[in-house]
Amino acid sequence: QVQLVESGGGLVQAGGSLRLSCAASGRSFSVYTVGWFHQAPGKEREFVAAIGWGRDGTHYADSVKGRFTVSRDNDKNTVYLQMNSLKPEDTAVYYCAAKKFVTSQAMAITMPDDWGQGTQVTVSS
């Protein structure tokens, strides 16, 4: 089990950028795949991006490909989500979540074991 804390949310104009961080505490962070999800008011939580463990790579929702980049620093137990060219429809609470020994692609369709508390991202038009 890992504990996750997101930070970096805020208010930004359309076309702007934000970088979210997900700091993890607990053992063996390097074997966890970490995903980012978002939930807009009145909508279901949706997959955004994930970064796998070991030699696995990254996976993105079609809506963010080319705009968002997920990365990790295992020495700092932190995963980042760089969000560029933000759009008003990106407005949501963003959550990071973790699960051991799954691929980044599987993270889009599986239920993570651990979740952070979320951070609000608001994009104004």
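Keep in mind the model is a prediction, meaning the values are calculated, not measured.

Novice: Please clarify how the sheet that holds strand 7 (residues 68-73) should be interpreted in this entry.
Specialist: Strands pair in a sheet through their backbones, by hydrogen bonds, and they do so in one of two ways: parallel or antiparallel. Taking strand neighbours across the sheet as the criterion, the 4 strands line up as 1-3-8-7 in an open arrangement whose pairing is antiparallel. Across the chains shown, the open sheet's two edge strands, defined by having one partner strand only, are strand 1 (3-7) and strand 7. Averaged over all pairs of adjacent strands, the angle between strand axes in this sheet comes to 15°, irrespective of strand direction. Bridging between strand 3 (residues 18-25) and strand 8 (residues 78-83) involves 6 bridges; their strand directions are antiparallel. Looking at strand 8, one finds that R19 is bridged to Q82.

Novice: What am I meant to see in the layout of surface pockets here?
Specialist: Unoccupied space between atoms shows up once a probe the size of one water molecule is rolled over them. Looking at the largest pocket, its volume works out to about 210 Å³. Classifying every residue of the lining of the largest pocket gives 5 nonpolar, 3 polar and 7 charged.

Novice: Looking at this structure, how should I read the state of the cysteines?
Specialist: One covalent bond between the sulfur atoms of two cysteine residues makes up a disulfide. According to the stated counting rule, one finds 1 disulfide in the structure shown. Covalently, C22 is tied to C96 through a disulfide, its sulfur atoms 2.1 Å apart. Between C22 and C96, the disulfide has an S-S torsion of 70° and is therefore right-handed. Highlighted residues: C22 in strand 3 and C96 in strand 9 (residues 92-100), separated in sequence by 74 residues. For the pair C22 and C96, one class covers both residues: buried.

Novice: Even after reading the chapter, I still don't get the packing of aromatic side chains, so can you show me in this structure?
Specialist: Given two aromatic rings, their pairing is described by the distance between the two centres and the angle made by the two planes. As enumerated under the stated definition, the model contains 4 aromatic pairs in all. Ring plane angle 75° and centroid distance 5.7 Å describe the contact between F37 and F47, whose orientation is recorded as edge-to-face. Of the two residues, F37 is situated in strand 4 (residues 32-39) and F47 in strand 5 (residues 46-51); the sequence distance between them amounts to 10 residues. For F37, a relative accessible area of 6% gives the class buried. Of the residues examined, F47 reaches a relative accessible area of 14% and is grouped as buried. In textbook terms, an aromatic cluster arises when at least three aromatic residues are bridged by ring pairs, as seen for F37, F47, Y95 and W115. Taking NZ or CZ as reference, R45 lies 3.9 Å from the ring centre of Y95, over its face. Of note, R45 hangs over the ring of W115, and the distance from its end group to the ring centre comes to 4.5 Å.

The rules behind the values
- Residues numbered from 1 in each chain as written.
- Predicted model: local features only at pLDDT ≥ 70, side-chain atom pairs only at ≥ 80, totals over all residues.
- Heavy atoms only, no water.
- Pairing = 2+ DSSP bridges.
- Helix = DSSP H or I, 4+ residues; strand = E, 2+ residues; numbered from the N terminus.
- Axes fitted to C-alpha atoms, helices over the stretch in contact; angles between N-to-C directions.
- 1 Å grid on protein atoms, 1.4 Å probe; cavity = no way out; pocket = protein on both sides within 12 Å on 5 of 7 lines; lining within 4 Å.
- Points joined across faces, edges and corners; volume = space filled by probe spheres on them.
- Nonpolar A, V, L, I, M, F, W, Y, C, P; charged D, E, K, R; others polar.
- Disulfide = S-S within 2.5 Å.
- Buried < 20%, exposed > 50% of the residue type's maximum accessible area, 1.4 Å probe, protein only.
- Phe/Tyr/Trp six-rings, centres within 6.5 Å; stacked < 30°, edge-to-face > 60°.
- Lys NZ or Arg CZ within 6 Å of the ring centre and 35° of its normal.

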